[in-house]
Amino acid sequence: MAKQLIVSTLPFEFTREQIAESIESNGGDLVVRGILQKAKEQNQNGRVYTRDLLEREAGKYQELIDDKRALGELDHPDSAVVNLQNVSHNVSKMWWDGDSLVGEVHVLSTPAGNILKELFKSGITLGISSRGMGTTRESEGKTLVNDDFELVAFDCIRSFCFCAFA
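Residues numbered from 1 in each chain as written. Predicted model: local features only at pLDDT ≥ 70, side-chain atom pairs only at ≥ 80, totals over all residues. Heavy atoms only, no water.

**Q** What is the right way to read the packing of aromatic side chains from this model?
**A** Each aromatic ring pair is summarised here by two numbers: the centre-to-centre distance and the angle between the ring planes. For the coordinates displayed, the defined rule picks out 2 aromatic pairs. With centroids separated by 5.4 Å and ring planes inclined at 75°, the aromatic side chains of Tyr 49 and Phe 149 adopt a geometry described as edge-to-face. Within this pair, whereas Tyr 49 is found in the loop between β3 (47–48) and α2 (51–66), its partner Phe 149 is found in the loop between β9 (142–145) and β10 (150–158), the two being separated by 100 residues in sequence. Taking relative accessible area as the criterion, Tyr 49 reaches 0% and is therefore assigned buried. Under the relative-accessibility criterion, Phe 149 is labelled buried at 1%. Between Tyr 61 and Phe 154 the ring centres are 5.3 Å apart and the planes differ by 90°, which places this aromatic pair in the edge-to-face class. Of this pair, Tyr 61 sits in helix α2 while Phe 154 sits in strand β10, placing them 93 residues apart in sequence. As far as the burial class goes, Tyr 61 and Phe 154 line up, both buried. Sitting over the face of the ring of Trp 96, Arg 51 holds its NZ or CZ atom 3.9 Å from the ring centroid. (Phe/Tyr/Trp six-rings, centres within 6.5 Å; stacked < 30°, edge-to-face > 60°. Helix = DSSP H or I, 4+ residues; strand = E, 2+ residues; numbered from the N terminus. Buried < 20%, exposed > 50% of the residue type's maximum accessible area, 1.4 Å probe, protein only. Lys NZ or Arg CZ within 6 Å of the ring centre and 35° of its normal.)

**Q** I keep staring at the nonpolar core and nothing clicks. Help me out?
**A** Side chains of a nonpolar character, in soluble globular proteins, are inclined to be buried together. Among the nonpolar cores identified, the biggest contains 29 residues, and Leu 30, Leu 36, Tyr 61, Val 91, Met 94, Leu 116 and Phe 154 are the most heavily contacted of them. Secondary structure elements with two or more residues in this core: α1 (16–25), β2 (31–38), α2, β5 (87–97), β6 (100–107), α3 (111–121), β7 (126–134) and β10. Element by element, the count of residues in this core is highest for α2, at 5 residues. In this view, Tyr 61 contacts Ala 70, Leu 71, Val 91, Met 94, Leu 151, Val 152, Ala 153 and Phe 154; residues no more than four positions away in its chain are not counted. (Core = buried A, V, L, I, M, F, W, Y, C linked by side-chain atoms within 4.5 Å. Contact = heavy atoms within 4.5 Å.)

**Q** Where do I start with α2 in this structure?
**A** Residues three or four positions apart in an α-helix share a direction because the helix packs 3.6 residues into each turn. With 16 residues, α2 ought to run about 22 Å at 1.5 Å a step, and its terminal C-alpha atoms sit 22 Å apart, in line with that. Within the span of α2, buried status applies to Leu 53, Leu 54, Glu 57, Ala 58, Tyr 61 and Ile 65. The inward-facing, buried residues of α2 abut β2, β4 (71–73), β5, β6, β9 and β10. After α2 finishes, the residue Lys 68 shows a positive phi value of roughly 55°. (Expected span 1.5 Å × (residues − 1).)

Right, dumping it as structure tokens:
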């Protein structure tokens, strides 16, 4: 089976006051925190990731975070390549809280980042979504992500919203 683009979305919640406070306390930068991905639980897209799989991919992704190259785009492209013209944010920290992979995301002052910041400030509902390549299989009414999954990025998309602000 050929690898396909796998996109998984999680909700985040926020208030305008939290956005304003984050911008004020971070020298004009918007910094948000939230759940990037969950293990062992069916997500909004109906997919389930094992803890071992997410731990492996989080370990690889940590290298990008350490090198300040954990870039994400505004919206999901149909590709496994992060297009620098569309970069809106950088994941700066990532850690586990139970079976939730949590992260801190810095919204960048790029054209796409400025759009993202203004959408947040306007109270638009957004979400964070993992993007990767791999295959899936069906089991007991759930879509399980196979061990060949490779995480590419965490993108900001329309439909859900972030859960906390730094």
